[in-house]
Amino acid sequence: MSTRNVLALLMVGFASAGVAREKKIISCAWEWRQTGPGEIAELQPQIAAAGYDGIAFAFRYPHGEDFHSSYGIGSQEWNWDEMQGELAKFKSALGKPGLTDSFLLSFRCPSRRLDWTDDAGWARIARNMRLAARFARESGAVGLVIDHEDYPKQRQFERLATDLPIRELAALVRRRGREVFAAVFEEYPNAKLLFFWFMTEHARYLNGVESPLRALADSGKLWAFFANGILDVLPPEAGIIDGNEHSYQYESARYDYLQQAAALRDMDGFCVPSNREKYRRQV
């Protein structure tokens, strides 16, 4: 493991109903996306010895696609029967120390922007994400990783001039979030969703703004509306972890982590009123 470039995310749950949640350390190295279940099983003693509780791993579809490279938005629709071989291999590996709290890499931004009005395209994503959630549950993973950062520079979560007016578009984006993640939670009702950013992506829009959601809309930012769609269908037994990648810049000497843990609670301002209590309780 010493030769691997490892990104470790410390997952810290907020106190819920007066009970502090246990901290977990998850390795989200880029290398895991190219590491099959056999090699993961071989590395398991080293993973455990390094102090990890789990990893973020990738399932590679038999015909070459995987969620981490195709973003679940390829032209191909997945077939559950063709996923069985890999499922059995991961199931045997993930129950061991160092891997018990592992996550399956899943939804990311598309390599080519998908129109928000494309019903068939978004239905395909929902179907594939349903199978990803089922794979995660049956393999023993605790949930899914969602990394919507715009690596391919397609501006999926920004309004373009060719898109609908912002009021209509925001409602549609929220609906897409509901559609995609309703499928996830139907398959895995108590899944944990690990986001590298959830609401923290737009933290700067909180400062001195009466309506953070309106400020986002005025700027053409769409992610928070999609995230509200996820919250709309989030079951009581499920949970969301905001990885807050801004924390690369944090310094313990400045108490940045404590300040941002407190600020995370205030980000319920990005939620529609009906989701604010759910956000405070389950994120």
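None of the values given here were measured: they were computed from a predicted structure.

Criteria and cut-off values
- Residues numbered from 1 in each chain as written.
- Predicted model: local features only at pLDDT ≥ 70, side-chain atom pairs only at ≥ 80, totals over all residues.
- Heavy atoms only, no water.
- Helix = DSSP H or I, 4+ residues; strand = E, 2+ residues; numbered from the N terminus.
- Buried < 20%, exposed > 50% of the residue type's maximum accessible area, 1.4 Å probe, protein only.
- Contact = heavy atoms within 4.5 Å.
- Areas by Shrake-Rupley, 256 points an atom, 1.4 Å probe, with all protein chains shown as cover.
- Core = buried A, V, L, I, M, F, W, Y, C linked by side-chain atoms within 4.5 Å.
- Salt bridge = Lys/Arg side-chain N within 4 Å of Asp/Glu carboxyl O.
- Polar contact = N/O pair within 3.5 Å; in protein donor to acceptor, adjacent residues only side chain to side chain.
- Phe/Tyr/Trp six-rings, centres within 6.5 Å; stacked < 30°, edge-to-face > 60°.
- pLDDT = per-residue confidence, 0-100.
- Pairing = 2+ DSSP bridges.
- Right-handed = clockwise from strand over helix to strand, strands pointing away.

*Asks:* Would you explain the overall build of the protein chain in this entry?
*Replies:* Helices and strands together make up the secondary structure of the protein chain, namely nine helices and seven strands. Expressed as a percentage of the 283 residues in the protein chain, the buried residues total 51%. Excluding contacts between residues fewer than 6 apart, the proportion of contacts in the protein chain whose partners are at least 24 apart in sequence is 77%. Surface accessibility of the protein chain: about 13100 Å² in total, with carbon and sulfur atoms responsible for 48%.

*Asks:* Would you mind going over the nonpolar core with me for this structure?
*Replies:* One broad trend across soluble globular proteins is that nonpolar side chains are buried collectively. Membership of the largest hydrophobic core comes to 72 residues, with the highest contact counts inside it found for Phe 181, Phe 198, Met 199, Phe 226 and Ile 230. Those residues in contact with Phe 198, other than ones at most four positions away along the chain, are Trp 223, Ala 227, Ile 230, Leu 231, Ile 240, Asp 242, Tyr 279 and Val 283. Among the nonpolar cores identified, the runner-up in size contains eleven residues, and Ile 26, Cys 28, Phe 103 and Val 145 belong to it.

*Asks:* I tried to follow unusual backbone geometry on my own but got confused; where do I start?
*Replies:* Note: most peptide bonds trans; most residues except glycine with negative phi. If you check the backbone angles, Lys 153 has positive phi at about 60° while not being a glycine. Mapping Lys 153 onto the fold places it in the loop between strand 5 (143–147) and helix 5 (166–187). The phi angle at Asn 244 is positive, at roughly 50°, despite the residue not being glycine. Turning to its location among the elements, Asn 244 is positioned in the loop between strand 7 (239–242) and helix 8 (256–266).

*Asks:* Looking at this structure, I do not really get the pattern of salt bridges. What am I missing?
*Replies:* A side chain of one charge can pair with a side chain of the opposite charge if their charged atoms are brought near each other. Applying the stated criterion across every chain yields a total of 19 salt bridges. Of the charged contacts in the structure, one is a salt bridge between Lys 89 and Glu 86, with a shortest N-O distance of 3.6 Å. Here Lys 89 pairs with Glu 86, and both are found in helix 3 (residues 84–94), just three residues apart, close to one helical turn. By relative accessible area, which is 45% here, Lys 89 ends up partly exposed. The closest approach of N and O atoms between Arg 281 and Glu 277, which form a salt bridge, is 3.5 Å. Residue Arg 281 and its partner Glu 277 are located together in helix 9 (residues 273–282), separated by four residues, close to a single helical turn.

*Asks:* I keep staring at the environment of Asp 242 and nothing clicks. Help me out?
*Replies:* Considering the arrangement of structural elements, one finds Asp 242 in strand 7. Each C-alpha atom of the pair Asp 242 and Phe 196 lies 6.2 Å from the other, and the pair is 46 residues apart in sequence. Separated by 3.2 Å, the side chain of Asp 242 and the backbone nitrogen of Phe 198 make a polar contact.

*Asks:* What is the right way to read the packing of aromatic side chains from this model?
*Replies:* Both the distance between ring centres and the angle between the ring planes are used here to describe each pair of aromatic rings. Summed over the entire model, instances satisfying the criterion amount to 17 aromatic pairs. Consider the rings of Phe 181 and Phe 226, whose centres lie 6.2 Å apart with planes at 80°: the pair is edge-to-face. Within this pair, whereas Phe 181 is found in helix 5, its partner Phe 226 is found in helix 7 (residues 223–232), the two being separated by 45 residues in sequence. Across the pair, exposure class does not vary: Phe 181 and Phe 226 are buried alike. One aromatic cluster is present, built from ring pairs that chain together Phe 107, Trp 116, Trp 122, Phe 157, Phe 181, Phe 195, Phe 198, Trp 223 and Phe 226.

*Asks:* Teacher, can you tell me more about the confidence of the model for the protein chain here?
*Replies:* When pLDDT drops low, the exact placement of atoms in the prediction is not to be read closely. Residues of the protein chain with pLDDT of at least 70 account for 88%, and the chain-wide mean is 87. In this model, residues 10–19 is a region of pLDDT below 50 whose contacts with residues beyond four sequence positions or in other chains number 21 contacts. Taken together, the stretch residues 66–72 has pLDDT below 50 and engages in 28 contacts with residues farther than four places along the chain or on a different chain.

*Asks:* When you look at the pairing of strand 5 in this model, what are you seeing that I'm missing?
*Replies:* Of all five residues in strand 5, five are buried, a share of seventy percent or more. Alignment of strand 4 (residues 103–108) against strand 5, held across four bridges, turns out to be parallel. Bridge assignment links Leu 105 to a residue of strand 5, and that residue is Val 145. For the crossover from strand 5 across helix 5 to strand 6 (residues 192–195), the handedness is right-handed.

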